[in-house]
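Spelled out, the chains give:
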Amino acid sequence: MAERRKFIAGNWKMHGLGSSVSEIGPIAAAADALDGVDVALCVPATLIHRAAKAAPTLSIGAQDCHQEDAGAHTGCISAAMLAEVGASLTIVGHSERRQDQHESDADIKAKAEAARAAGLSVILCCGETEAERDAGQAVSRVTDQIAASMPDGAAADWLTIAYEPIWAIGTGRVPGTDDVAEMHSAIRAKLRDLIGDEAEGIRILYGGSMNGGNAAELLAVGDVDGGLVGGASLSADKFVPIIEAAAKAS
Ligand code: PEP
């Protein structure tokens, strides 16, 4: 089986002013000190340059990019612009953007391909609503999203999948480990269908209310290769224990 290093990525969402950059130094120091785990922090676009300068050894990411290189798209930011200010990766397809900005699977595929073309790695998010889970449609919903948003040329050296049940994001609720195992295994199987052997190296993160108290249990589940962390990534005090749990789990 392909070696997959654990990967912990923080998502600051629309949080953080210049004063928050002071949190990044201790996060980078922990990431540097620990073996067996990759760490990234996806900050607001306004902080990418400062974050990258403050922590040159840490991967700094964006939370979205536009699918075109340039054009009449007021307020949007291209992948090349993000790369120029110091991003090395970007999230695409977060459920908050699917919902708030009405992003489709086709948009997300195009964004992932644009990010790759600009030299960025990609964390592609998927996840079901609570109603879909209650209706027994969680696995089909998520694997359909993956099939429809899989970028051309998907490869393990730049693409990561993040499974984020929408009802678990920011709620303090977390699925049972059996449900997480079932979903991650189904995602791996779908990746195999889509891209063959390359699927073995692609990391599949769990996201949704991960914290220092539950990270070890979640990271021990088969096919869970790391975590995408929102609220608990905003401070070093809360984020570093998750990074430590991932280093121990590797
Ligand atoms: C997220 O939004 O990607 C996320 C996982 O948020 P939280 O950890 O706050 O649930």
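The structure this text deals with has already been given above.
Residues numbered from 1 in each chain as written. Predicted model: local features only at pLDDT ≥ 70, side-chain atom pairs only at ≥ 80, totals over all residues. Heavy atoms only, no water.

Enquirer: How should I be thinking about the layout of surface pockets in this particular structure?
Expert: Rolled over the atoms, a probe with the dimensions of a water molecule shows which regions are left empty. Its volume calculated, the largest pocket comes out at about 640 Å³. Forming the walls of the largest pocket are 26 residues, and the residues nearest its centre are Q63, D64, C65, R97 and Q101. Tallied by class, the residues present in the lining of the largest pocket amount to 10 nonpolar, eight polar and eight charged. Here the second largest pocket defines a volume of roughly 360 Å³. Around the second largest pocket, the lining is made up of 26 residues, and of these F7, D38, S59, S121 and R203 lie nearest the centre. Only α1 (24–33), β2 (37–42), β5 (121–126) and β6 (159–163) provide two or more residues apiece to the lining of the second largest pocket. Here the residues of the lining of the second largest pocket sort into 13 nonpolar, six polar and seven charged. (1 Å grid on protein atoms, 1.4 Å probe; cavity = no way out; pocket = protein on both sides within 12 Å on 5 of 7 lines; lining within 4 Å. Points joined across faces, edges and corners; volume = space filled by probe spheres on them. Nonpolar A, V, L, I, M, F, W, Y, C, P; charged D, E, K, R; others polar. Helix = DSSP H or I, 4+ residues; strand = E, 2+ residues; numbered from the N terminus.)

Enquirer: Please clarify how the nonpolar core should be interpreted in this entry.
Expert: Within the largest apolar cluster, 68 residues are counted, with the highest numbers of intra-cluster contacts made by L58, I161 and I187. Of all the elements, helix α10 (residues 236–249) adds the most residues to this core, at eight residues. Residues within four places of L58 in sequence aside, it is in contact with I24, I27, A28, A31, V39 and L41. In terms of nonpolar packing, the next biggest core, distinct from the first, is built from 11 residues, C42, L89, C125 and L205 among them. (Core = buried A, V, L, I, M, F, W, Y, C linked by side-chain atoms within 4.5 Å. Buried < 20%, exposed > 50% of the residue type's maximum accessible area, 1.4 Å probe, protein only. Contact = heavy atoms within 4.5 Å.)

Enquirer: What is the right way to look at the packing of helix α7 (residues 138–149) against helix α8 (residues 177–195) in this model?
Expert: Two packed helices can be described by the angle between their axes and the distance between those axes. For the pair α7 and α8, interaxial distance at closest approach is 10 Å and the crossing angle is 35°. Judged by the twist between their axes, the crossing of α7 over α8 is right-handed. Contacts from A138, V139, V142, T143, I146 and A147 of α7 reach α8 at E182, M183, A186, I187, K190, L191 and L194. Per-class residue counts for the contact of α7 with α8 are 10 nonpolar, one polar and two charged. (Axes fitted to C-alpha atoms, helices over the stretch in contact; angles between N-to-C directions. Left-handed = near helix turned anticlockwise from the far one by under 90°.)

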